[in-house]
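# Coordinates in review
Given next are the chains, with one letter for each unit.
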Amino acid sequence: MIDRSVLAHPLFTGVSRAHLALLAEELAGPWTAAAEGRRFEARGGARKRAAGAGARYQLVFVDRLVATLIHLRHDLPHAVLAVLFGVDRSTVTRGLGEVRGLLARRGCAVPDRPGLRLRTLEDVFAYAQTENIELRLDATEVQVRRPVAGRGGRRAFVSGKKKQNTMKATVVADGRGRTLWTDTLRPGRMHDVTAARAGGIASCFEHFARVEVLLDDGYLGLGRDHPGQAVTPPRRPRPGALPGRFEQWERDRHGHAADRITVEHALAHHKRWKQLIRWTHRRDRLPDTYRAIASLVSDRSSMT
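Described in the following lines is the structure provided in the data block. (Residues numbered from 1 in each chain as written. Predicted model: local features only at pLDDT ≥ 70, side-chain atom pairs only at ≥ 80, totals over all residues. Heavy atoms only, no water.)

Scanning the protein from terminus to terminus reveals twelve helices and eight strands. Expressed as lengths along the three principal axes of its C-alpha atoms, the size of the protein is roughly 85 × 50 × 40 Å. Split into buried and exposed, the 304 residues of the protein put 46% on the buried side. If you sum the accessible surface of the protein, you get close to 15,700 Å²; carbon and sulfur atoms cover 54% of it. Taking the 52 positively charged and 32 negatively charged side chains of the protein as two groups, their mean positions are separated by 8 Å. (Helix = DSSP H or I, 4+ residues; strand = E, 2+ residues; numbered from the N terminus. Buried < 20%, exposed > 50% of the residue type's maximum accessible area, 1.4 Å probe, protein only. Areas by Shrake-Rupley, 256 points an atom, 1.4 Å probe, with all protein chains shown as cover. Lys, Arg positive; Asp, Glu negative; His and termini not counted. Charge placed at Lys NZ, Arg CZ, Asp CG, Glu CD.)

If you check helix α3 (residues 17-43), its first and last C-alpha atoms are 37 Å apart, about what 27 residues at 1.5 Å a residue would give, namely 39 Å. In α3, a bend of some 35° at L27 exceeds every other bend along the element, and P30, a proline, comes one to four places later. Residues H19, L20, L23, A24, L27, W31 and A35 constitute the buried set of α3. Phi turns positive one or two residues past the end of α3, at G44, with a value near 80°. (Expected span 1.5 Å × (residues − 1). Bend = angle between axes of the 7 residues up to and from the residue.)

Residue placement: R100 occurs in helix α6 (residues 89-104). Remark: the alpha-carbon pair of R100 and L69, spanning 31 residues in sequence, is separated by 8.8 Å. Not counting the four nearest positions on each side in its chain, R100 is found in contact with T68, R285, D288, T289 and A292. (Contact = heavy atoms within 4.5 Å.)

This model, assessed by the stated rule, comprises three aromatic pairs. Consider the rings of W31 and F61, whose centres lie 5.3 Å apart with planes at 35°: the pair is tilted. One end of the pair, W31, is in helix α3; the other, F61, is in helix α4 (residues 61-74), and 30 residues separate them in sequence. Per residue, the accessibility class of W31 equals that of F61, and both read buried. Ring plane angle 45° and centroid distance 6.2 Å describe the contact between F125 and F208, whose orientation is recorded as tilted. With F125 in helix α7 (residues 121-131) and F208 in the loop between α9 (201-207) and β7 (213-214), this pair connects stretches of sequence that are 83 residues apart. Like F125, the residue F208 is buried in the burial classification. The rings of F125, F205 and F208 are connected pair by pair, giving a single aromatic cluster. The positively charged end of R253 is found above the aromatic ring belonging to W249, 5.1 Å away from the centroid. The aromatic ring of F157 is capped on one face by R283, whose charged end is 4.7 Å from the ring centroid. (Phe/Tyr/Trp six-rings, centres within 6.5 Å; stacked < 30°, edge-to-face > 60°. Lys NZ or Arg CZ within 6 Å of the ring centre and 35° of its normal.)

Ranked by internal contacts, the top residues of the largest apolar core, which has 43 residues, are L65, L69, F85, L103, L286 and Y290. Elements that contribute at least two residues to this core include exactly α3, α4, α5 (78-85), α6, β4 (166-173) and α12 (286-303). Looking at this core element by element, the count peaks at seven residues for α4. (Core = buried A, V, L, I, M, F, W, Y, C linked by side-chain atoms within 4.5 Å.)

So, about the pairing of β4. A regular strand places its side chains so that they alternate between the two faces of the sheet. The buried fraction of β4 is high, at eight of eight residues. The side-chain alternation of β4 yields two buried faces, one formed by T166, K168, T170 and V172 and the other by M167, A169, V171 and A173. Two elements, strand β3 (residues 135-143) and β4, share eight bridges in a ladder whose sense is antiparallel. When the sheet's bridge partners are listed, E141 is paired in β4 with K168. Two strands pair when backbone bridges link them, and β4 and strand β5 (residues 179-182) are joined in this way by three bridges, in the antiparallel orientation. Bridge pairing in β5 links A173 to T179. (Pairing = 2+ DSSP bridges.)

Here we take up the environment of R117. As for its placement among the helices and strands, R117 is situated in strand β2 (residues 117-118). Assessed through its relative accessible area of 15%, R117 is described here as buried. Those residues in contact with R117, other than ones at most four positions away along the chain, are E26, R106, G107, C108, A109, V110, S295, S298 and D299. In this structure the side chain of R117 is engaged in a polar contact, spanning 3.0 Å, whose partner is the backbone oxygen of R106. Polar side-chain contacts of R117 include one of 3.0 Å to the backbone oxygen of G107. (Polar contact = N/O pair within 3.5 Å; in protein donor to acceptor, adjacent residues only side chain to side chain.)

We now examine the packing of α4 against α5. How two helices pack is summed up by the angle between their axes together with the distance between the axes. The contact between α4 and α5 brings their axes to 11 Å, and the two run at 140°. Considering their axes alone, α4 and α5 lie oblique with respect to each other. Crossing of α4 over α5 shows right-handed handedness. Contacts from D63, V66, A67, I70 and H71 in α4 reach H78, L81 and F85 in α5. Considered class by class, the residues forming the contact of α4 with α5 number five nonpolar, two polar and one charged. (Axes fitted to C-alpha atoms, helices over the stretch in contact; angles between N-to-C directions. Parallel < 35°, antiparallel > 145°, perpendicular 65-115°, else oblique. Left-handed = near helix turned anticlockwise from the far one by under 90°. Nonpolar A, V, L, I, M, F, W, Y, C, P; charged D, E, K, R; others polar.)

Have a look at this one:
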């Protein structure tokens with residue numbers, strides 16, 4: 001068993017020790033409340049022994065948090081983490097599930113607004129309209145294992161762009177590349193515009209008329225339906241147009257790409273966590289994993 005203070009090093013967890021301390025302080029209460037709720041249901045009523053009586057945790061909350069961060073950052077198997085922490089594999093599996101859910105429900109941090117977090121797309125649009133912020137939106141795909149042959153919906157995960165089995169996440173960032181929101185993941189075959197509409201972006205454009213979102217060519221349908229709000233790259237001039245028109249189009253296209261590139265930087269920060277490079281676990285656990293990593297990345301970016 002390795003010294004647990006060594007396992008809390010930023011090289012293992014992907015977060016600084018100060019950030020780890022803040023996470024432990026923030027999540028300890030909800031984790032304890034959830035644990036007490038599970039015990040209440042198992043007992044069928046209030047506890048009969050004094051507080052503190054009974055068996056002690058082999059893996060305390062801080063260790064569960066550290067193990068979860070290591071798992072997210074480096075994708076170490078549960079059995080390896082069990083050896084590192086000197087507990088049974090089932091203890092690690094249970095602890096990872098508990099902490100991953102808590103991280104996923106945190107939402108994304110708001111720059112210069114300590115304690116305020118964005119959990120829905122409506123929250124993001126309201127924040128952008130209040131602070132007069134121009135948003136950037138894009139989709140990214142995570143490779144997943146191919147579904148079992150003969151199972152219904154198998155083709156839904158085959159991405160037309162990646163030519164692989166993937167799941168797609170829609171991400172919103174600001175002009176400095178700070179993650180503000182990520183949607184639940186959807187099958188990779190779904191088009192980017194369809195995924196954004198399924199996340200409720202149309203109603204957000206309707207209710208927050210002053211918010212502008214920079215998009216790439218994959219969202220031309222949104223640009224057509226919401227002109228002035230969904231801003232897509234300028235269209236190429238028709239053949240035979242004046243040379244000056246082509247030069248202006250090139251300048252406008254490069255300017256749009258330079259303004260929108262920050263969302264690509266946000267996606268790159270997500271992919272630094274190994275679990276989002278290629279997901280090898282159950283697909284139904286990937287949405288919580290992506291939201292957990294996005295919340296951690298947003299913490300770090302809001303601190304800079």
